[in-house]
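So the chains spell out like this:
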Amino acid sequence: MLIKQIRSFLIAQSYDFAMRSTEKRCLQQWRKELLCHADGEVLEIGAGTGINLPHYPATVSRLVLSEPDQQMRQKLSKIVALHPVQKTEITSWGADNIAATDHSFDTIISTL
C-alpha cells in the first residue's frame, strides 16, 4: 500500500514536467482543436493534473472533472482555481464507476 502511495505521489509531481516537450510539439494543439467543440455540461474522465483546462471554451456551462488518483486530484484542485469555468466540480470517479445518471452530460472528454 505504501509503495502504491509513493508511486502515485511521484507520478503526480513529475507528470507535467515529463510531458512538457510532447505538449509543446503536438499535444497542446491537438487539445485545443479537440476541446473547442465542448459545449454545455461536460464530463472529463481522467482529468489528471488539469492540462486540458485552458482549452475549454466559454460554451461550457458546467465541468465535472473525474480523477480517481488522490495525488492527481490535489494538483487538479490547484489548477482549477487558475482556470475558472462557470461551475467546476472534481470527483474521484474512475472510468468504470461514474456516479451520474444517463444523459447527464452534453459532452464527454477523455484524453490520453
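First, a word on scope: everything that follows refers to the structure included in this document. (Residues numbered from 1 in each chain as written. Predicted model: local features only at pLDDT ≥ 70, side-chain atom pairs only at ≥ 80, totals over all residues. Heavy atoms only, no water.)

### So, the overall build of the protein
Part 1 of the reasoning: Within the protein, the secondary structure is distributed over 2 helices and 4 strands.
Part 2 of the reasoning: When the elements of the protein are put in sequence order from the N terminus, they spell out α-β-β-α-β-β.
Part 3 of the reasoning: The C-alpha atoms of the protein give a radius of gyration of 14 Å, which matches the 13 Å a tight globule of 112 residues would have.
Part 4 of the reasoning: Summarising its shape, the C-alpha atoms of the protein cover approximately 40 × 35 × 25 Å along the three principal directions.
Part 5 of the reasoning: Looking at the protein as a whole, 35% of its 112 residues qualify as buried.
Part 6 of the reasoning: Restricting the contact set of the protein to residue pairs at least 6 apart, pairs at least 24 apart contribute 59%.
Part 7 of the reasoning: Accessible surface for the protein amounts to roughly 7,300 Å². Of this, 55% is attributable to carbon and sulfur atoms.
Part 8 of the reasoning: In the protein, 12 positive and 12 negative side-chain charges are present, and the distance between their average locations comes to 11 Å. (Helix = DSSP H or I, 4+ residues; strand = E, 2+ residues; numbered from the N terminus. Rg over C-alpha atoms; globule rule 2.2 N^0.38 Å. Buried < 20%, exposed > 50% of the residue type's maximum accessible area, 1.4 Å probe, protein only. Contact = heavy atoms within 4.5 Å. Areas by Shrake-Rupley, 256 points an atom, 1.4 Å probe, with all protein chains shown as cover. Lys, Arg positive; Asp, Glu negative; His and termini not counted. Charge placed at Lys NZ, Arg CZ, Asp CG, Glu CD.)

### Describing the nonpolar core
Part 1 of the reasoning: L35, A38, V42, A47, L53, Y56, V60, L63, L65, L76, V80 and I109 form the largest nonpolar core, which has 12 residues in total.
Part 2 of the reasoning: At the level of elements, β2 (60-66) and α2 (70-82) are the ones that each hand at least two residues to this core.
Part 3 of the reasoning: The contacts of I109, once residues within four sequence positions are left out, are L35, V42, L43, E44, I45, N52 and Y56.
Part 4 of the reasoning: In this structure, L43, I45, V64 and F105 belong to the second largest nonpolar core, which totals 5 residues. (Core = buried A, V, L, I, M, F, W, Y, C linked by side-chain atoms within 4.5 Å.)

### Things to note about the state of the cysteines
Disulfides are covalent bonds that connect the sulfur atoms of two cysteines.
Part 1 of the reasoning: Tallied over the full model, the rule gives 0 disulfides.
Part 2 of the reasoning: With no disulfide of its own, C36 lies closest to C26 among cysteine sulfurs, the gap being 17 Å.
Part 3 of the reasoning: Residue C36 is classed as partly exposed on the basis of its relative accessible area of 44%. (Disulfide = S-S within 2.5 Å.)

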